[in-house]
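Notes for the structure review
Listed below are the residues making up each chain.
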Amino acid sequence: TRNCPCKMSQLPPKNPLASLVSEGTNSRVESVNNLSMDSFWLEVENIKQSAEAEQEECSHADVKTQEEGEAEAEWLQDAGLSDLLGDHASENDNIVLLSTLTKTQAAAVQRRLDTYSRSRRRKNKHPVRDVRDIFGVANSEEMAAEKKESSPDQLWHNLRTSNVHGKTQDYSCTVRNPGKDEVFNMDVAYSEQAAVLLKGSFLSESRRLKDGNILTKFKIPKGRLGVTRIGDLSSQDMKKIPTLALIELTALCDVLGFELKRNKAAKLKTTEKRLFGVPLNTLLENDQKLLPNTKVPLLLQALLSCLEKRGLETEGILRVSGSQTRIKSLEQKLERDFYTGLFHWDEVHQNDVSGLLKRFIRELPAPLLTAEYLPAFAAVQNIPDLKQRLQALNLLILILPEPNRNTLKALLEFLSKVVARENNNKMNLWNVSTVMAPNLFMHKGLPNKIPEGKEKQLAEGAADVVRMMIHYQDLLWTVSSFLVAQVRKLNERNSKRYQFCDKRIKNLLRKIHADKDKVEKNQAEPSKIVKVHASLLLKDSLEVHLNNTTRAADVLRQFQKNLCQNGWNIVNTVNLLKCNNSIECTNLLLYEVGGNIGERCLDPDTYLLDLYHVNPHAEWIIKQNPSYPRMF
């Protein structure tokens, strides 16, 4: 299996990010030595035979070695700081983003900007503008008046000497508590936590896996503002998350001593097929013509639905390969009949359906984990500490394009269901992970070269990453509180831009805004009366008295009670009233809309007075709970 012409038997190269493999990593890999890798290599052989049977001519993506400075330029562009590369910068765009960064995040940006600047000077190109030159020309006085620490001369100094909240943070929760569920802190930037741990010599021992199914349990502590899941934020706010997550991931890798390098995005070749080998974006565009708001390809939904109905109890499902001849024939029938509704799923053997599922993933023109970040996903295995591995995975999930992220989530949820039926199908978490790892980490469009003697270590590492994604998917699909806070700061500072040229008008508006802020700070009383709207359900609004104990769930219960007792004028009763005319509170959700956030679905345990103080200009709106799962 090591000499497949298509290189399909090889894992992606180990990222330079993982150049340092510690004793902790080695001991962790040794801990899975007793777990069978037979399923992994059997799957590799099946993939090889499938490719050879079709006599495919594998054309690898043209991945060129980047010259010095190119990787940094690409990184700055993806991080939303491309204007730092040119001679004409858009001052406001950069100053707003940079002013939200933590100390470690700012250091990561500065490192890459310095490397890019040196490469430009070596090539005798035009000099690169300094950050302070970019932001110190026109708006220094205005920005200093608006926020003192954002002045051009102080910006980088302040970022290096303070965190995003501007005060000392308590990192005590990052230290181990043996024998109990461990706290997974999402309030403080991961890179800041890692920096403090290293500075204080709180070096984490490697997590040894006791067996194939026992993994450390982590608990995300709910702050006063609740927990935010992917899908809770509006698309407008989610567009800001990948940029912030990339900067944070780079800062985390810098602190841990790893180098984060990414592949260049490969050019996708067009295909005449409509289902297999079609880019995710194209699939979704076609599917949305039939079913608007489709988030996961309809073919994948059909494959997973078929397996959930008739395959979860099948022994060896996913591991036992179906007939390659039948699978190829079924693919052709699906291409012809899927959208016409003439394809009969009941006539297909379950092992063939699982073969189609894996084939669909492998045949994507670009890896599901993306060509750019596939090496980074593979390199996560080299981070010695489990918590930091999960932090890196969480950020990588947030960086993924939305179609890839939603498709991956649908797949992982299905895999969890397979593992839950282990007693019947004989597929435990490690079995499922070893079978799926080759399909996720091996791609015929990428050239793969593995150092001699590293095959086993990289195979086990890839399977371990898949295992973490399946087991910890609820944690991984959470948007960290520190990232949400940065999004709020971006929105606030973007809204404070003045479009007037007359300085006297600017000063007047600034004074009005400052006076308004003073009044609001003085009004931070321990209670508040606010209005909650439900325009799609009711014509009336609900007045709510907030105190330090009022949660979102309390407001929804009060709303439910008023509906039942006061006979409010209901505008829309679809899915709101149950058969016995009672109202199910779980069908309703509370959102904050506007102010320093686009839209955010609130955790039921969100303390609303605290949220009001964080975002006093938002409206609160009750909406019906969309069909489960919310992100699909």
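Please read all numbers here as calculations on a predicted model, not as lab measurements.

What follows is about the packing of aromatic side chains. Taken as a whole and judged by the stated rule, the model has eight aromatic pairs. Between F184 and F218 the ring centres are 5.8 Å apart and the planes differ by 80°, which places this aromatic pair in the edge-to-face class. Taken together, the positions of F184 in the loop between β1 (182–183) and α9 (190–199) and F218 in strand β2 (residues 218–219) put the pair 34 residues apart, joining distant regions of the chain. The same class applies to F184 and to F218, which are both buried. Ring centres of F343 and W345 lie 4.7 Å apart, and the angle between their planes is 70°; on these two criteria the pair is classed as edge-to-face. With respect to class, F343 is no different from W345; both count as buried. One aromatic cluster is present, formed by F184, Y190, F218, Y472 and F482 through successive ring pairs. Across the ring face of W75, the terminal group of R112 is positioned such that the distance to the ring centre comes to 5.6 Å.

Ranked by size, the top nonpolar core spans 128 residues in total, and within it L318, F377, F441 and M469 carry the most contacts. In this view, M469 contacts F377, L393, I397, L408, L412 and L476; residues no more than four positions away in its chain are not counted.

The next thing to look at is the pairing of strand β9 (residues 619–624). Relative to β9, strand β5 (residues 528–533) is paired through two bridges, and the arrangement is parallel. Directly across from V532, in β9, lies its bridge partner W620. Examined bridge by bridge, strand β7 (residues 588–594) and β9 share six bridges and lie antiparallel to one another. Bridge assignment links V593 to a residue of β9, and that residue is E619.

To continue, consider empty space enclosed by the protein. Applying the stated criterion to the full structure yields 10 cavities of 30 Å³ or more. Taken as a whole, the largest cavity holds about 90 Å³ of empty space. Along the walls of the largest cavity sit E43, N46, I47, S50, S321, Q324, I327, G355, K358, R359 and R362, which together make up its complete lining. Only α2 (38–53), α14 (324–337) and α15 (350–363) provide two or more residues apiece to the lining of the largest cavity. Looking at the lining of the largest cavity, its residues break down into two nonpolar, five polar and four charged.

Mean pLDDT over the chain works out to 77, with 66% of the residues at or above the 70 mark. In the model, residues 29–34 has pLDDT below 50 throughout and makes nine contacts with residues more than four positions away in sequence or in other chains.

Applying the stated rule across the entire model yields 23 salt bridges. The partner of D254 in a salt bridge is R111, and the shortest N-O contact between them spans 2.6 Å. Taken together, the positions of D254 in helix α11 (residues 241–256) and R111 in helix α5 (residues 103–122) put the pair 143 residues apart, joining distant regions of the chain. The shortest N-O distance in the salt bridge between E331 and R359 comes to 2.4 Å. Of this pair, E331 sits in helix α14 while R359 sits in helix α15; the two residues are 28 residues apart in sequence, bridging distant segments of the chain. By sharing partners, the salt bridges in this structure join K222, R551, D554, R557, D603 and D605 into a single network.

Parameters at a glance
Residues numbered from 1 in each chain as written. Predicted model: local features only at pLDDT ≥ 70, side-chain atom pairs only at ≥ 80, totals over all residues. Heavy atoms only, no water. Phe/Tyr/Trp six-rings, centres within 6.5 Å; stacked < 30°, edge-to-face > 60°. Helix = DSSP H or I, 4+ residues; strand = E, 2+ residues; numbered from the N terminus. Buried < 20%, exposed > 50% of the residue type's maximum accessible area, 1.4 Å probe, protein only. Lys NZ or Arg CZ within 6 Å of the ring centre and 35° of its normal. Core = buried A, V, L, I, M, F, W, Y, C linked by side-chain atoms within 4.5 Å. Contact = heavy atoms within 4.5 Å. Pairing = 2+ DSSP bridges. 1 Å grid on protein atoms, 1.4 Å probe; cavity = no way out; pocket = protein on both sides within 12 Å on 5 of 7 lines; lining within 4 Å. Points joined across faces, edges and corners; volume = space filled by probe spheres on them. Nonpolar A, V, L, I, M, F, W, Y, C, P; charged D, E, K, R; others polar. pLDDT = per-residue confidence, 0-100. Salt bridge = Lys/Arg side-chain N within 4 Å of Asp/Glu carboxyl O.

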